[in-house]
Amino acid sequence: MSGIALARSITSELVLNFQGLASQRSSPAAALRGGATSTDIGSALRVGAQTLASAVQVLNSTISFVNLASADLTNLENLTDRMITLAEEAAGGGVGYQRRLEIDNEYRELASDFQAIVEGAEYNGDNYLTTDGLAAIFARAGLNEEDSQSIEDVLGEFSVYNDGESLADETIVGNRPAHVSQSAYQEEGRTSYTEFEGLFDAARSLTDRVDASVLVEDLNALKSQISDNLEVLNEARRVVGLNVEFVSSTGLAMLEIADQITSADDAAEVAREIRSAVRKDARAALSQAENLEPIIVAALAFGNS
């Protein structure tokens, strides 16, 4: 399948399109529609290599956002661990009311830190701790889930709660029915627990042993979601990295072949030479060949923005 995608991506039409771009007789958008000119193929390949070098920069910036998301999620995971520890203490017996107040106050501070990280994870109006935000960031590099199976697969692997988009959802609910000890019910004079709107609902209090017991369940669900999504971000980083490898290899092949071009070479033959070079240098990244055209379009748009 990767060989088919390579043959469909690096074609004589691609070479001709870069001829049109190199000619300066048409806009980038028009050139991509296939306007070949008398510009020699060597010049066309040099323009192609420059365009792909720009694409690599955009793809690397995308990896930077994945790294930011991973770092922020790791911080959220650490905050969640601390909140679980507090909730478990509050859910246990033999904890005095004053200590419960201290626990509740510390929990509120951690919750505030958690929400600040989530709200601050934004770039150009897109929150990179959401699936929609990451999809938009990927799309700006030409990695559209509509066009790329690998990107669609990665975005589909993220763990989201109740059809949401957050990678660390404060509305998440853990196991139900929640495990609450009989002694907790007796201590609080209750026979059932309350469901709240979210982990940080103002009405939810760790001074109440029953509420604390339910919170342990919900925080563990959050911890599981975050851990799962950190693994998916690792996969996203790998996939974008493969695109960097493929695009970089294609650009280098164009640059090398540009110096060997003769007047007898035609676009179809040049495309075959580029494909042959890429197969040798980026075999592991051939699975990303389908992304080449949208990545080129994105690089051209970025260069003209």
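Scroll up to find the structure this text is about.
Throughout what follows, the structure given in this document is the object of discussion. Owing to the predicted nature of the structure, the values given are computational and were not obtained by experimental measurement.

Take the packing of aromatic side chains next. Summed over all chains, the structure comprises four aromatic pairs. Between Tyr 107 and Phe 200, the ring centres sit 6.2 Å apart and the planes meet at 50°, which makes this aromatic pair tilted. Of this pair, Tyr 107 sits in helix H5 (residues 97-120) while Phe 200 sits in the loop between helix H8 (182-188) and helix H9 (209-258), and the two are 93 residues apart along the sequence. Taken individually, Tyr 107 and Phe 200 each receive the classification buried, so the pair is uniform in this respect.

In this structure the tally under the stated criterion is 15 salt bridges. Residues Arg 100 and Glu 187 are paired through a salt bridge, measuring 3.5 Å at the closest nitrogen-oxygen approach. Pair noted here: Arg 100 is in helix H5 and Glu 187 is in helix H8, with a separation of 87 residues, a long-range link. On the accessibility criterion, Arg 100 (2% relative accessible area) is buried.

Tracing the backbone shows Phe 246 in helix H9. With 134 residues separating them along the chain, Phe 246 and Ser 112 place their C-alpha atoms 42 Å apart. Here Phe 246 is in contact with Leu 6, Ile 10, Val 278, Ala 282, Ala 285, Leu 286, Gln 288, Ala 289 and Leu 292, once residues within four sequence places are set aside.

So, on to the side chain of Ser 150. Within the fold, Ser 150 resides in helix H7 (residues 149-157). By relative accessible area, Ser 150 is classed as buried at 15%. Polar side-chain contacts of Ser 150 include one of 3.1 Å to the side chain of Ser 148. When sequence neighbours within four positions are dropped, the list of residues in contact with Ser 150 reads Val 239, Gln 288, Glu 290 and Asn 291.

Counting 92 residues, the largest nonpolar core has Phe 246 and Ile 274 as its most contacted members. With 23 residues, helix H4 (residues 41-91) is the largest single contributor of residues to this core. Once you skip the residues sitting within four places of it in the chain, Ile 274 turns out to touch Ile 10, Val 15, Leu 45, Thr 250, Ala 253, Met 254 and Ile 257. One finds Val 180, Tyr 185, Val 210 and Val 214 within the second-largest nonpolar core, a separate group that totals six residues.

Its 15 residues give helix H10 (residues 267-281) an end-to-end C-alpha distance of 21 Å, which sits within 8% of 21 Å, the value for a rise of 1.5 Å per residue. Turning to H10, its buried residues are Ala 267, Val 270, Ala 271, Ile 274, Arg 275, Ala 277 and Val 278. Seen end-on, H10 carries its buried residues on one side only, within an arc spanning 165°.

Calculation notes
Residues numbered from 1 in each chain as written. Predicted model: local features only at pLDDT ≥ 70, side-chain atom pairs only at ≥ 80, totals over all residues. Heavy atoms only, no water. Phe/Tyr/Trp six-rings, centres within 6.5 Å; stacked < 30°, edge-to-face > 60°. Helix = DSSP H or I, 4+ residues; strand = E, 2+ residues; numbered from the N terminus. Buried < 20%, exposed > 50% of the residue type's maximum accessible area, 1.4 Å probe, protein only. Salt bridge = Lys/Arg side-chain N within 4 Å of Asp/Glu carboxyl O. Contact = heavy atoms within 4.5 Å. Polar contact = N/O pair within 3.5 Å; in protein donor to acceptor, adjacent residues only side chain to side chain. Core = buried A, V, L, I, M, F, W, Y, C linked by side-chain atoms within 4.5 Å. Expected span 1.5 Å × (residues − 1). Arc of directions from axis to C-beta.

None of the figures reported here should be taken as evidence of function without further support.
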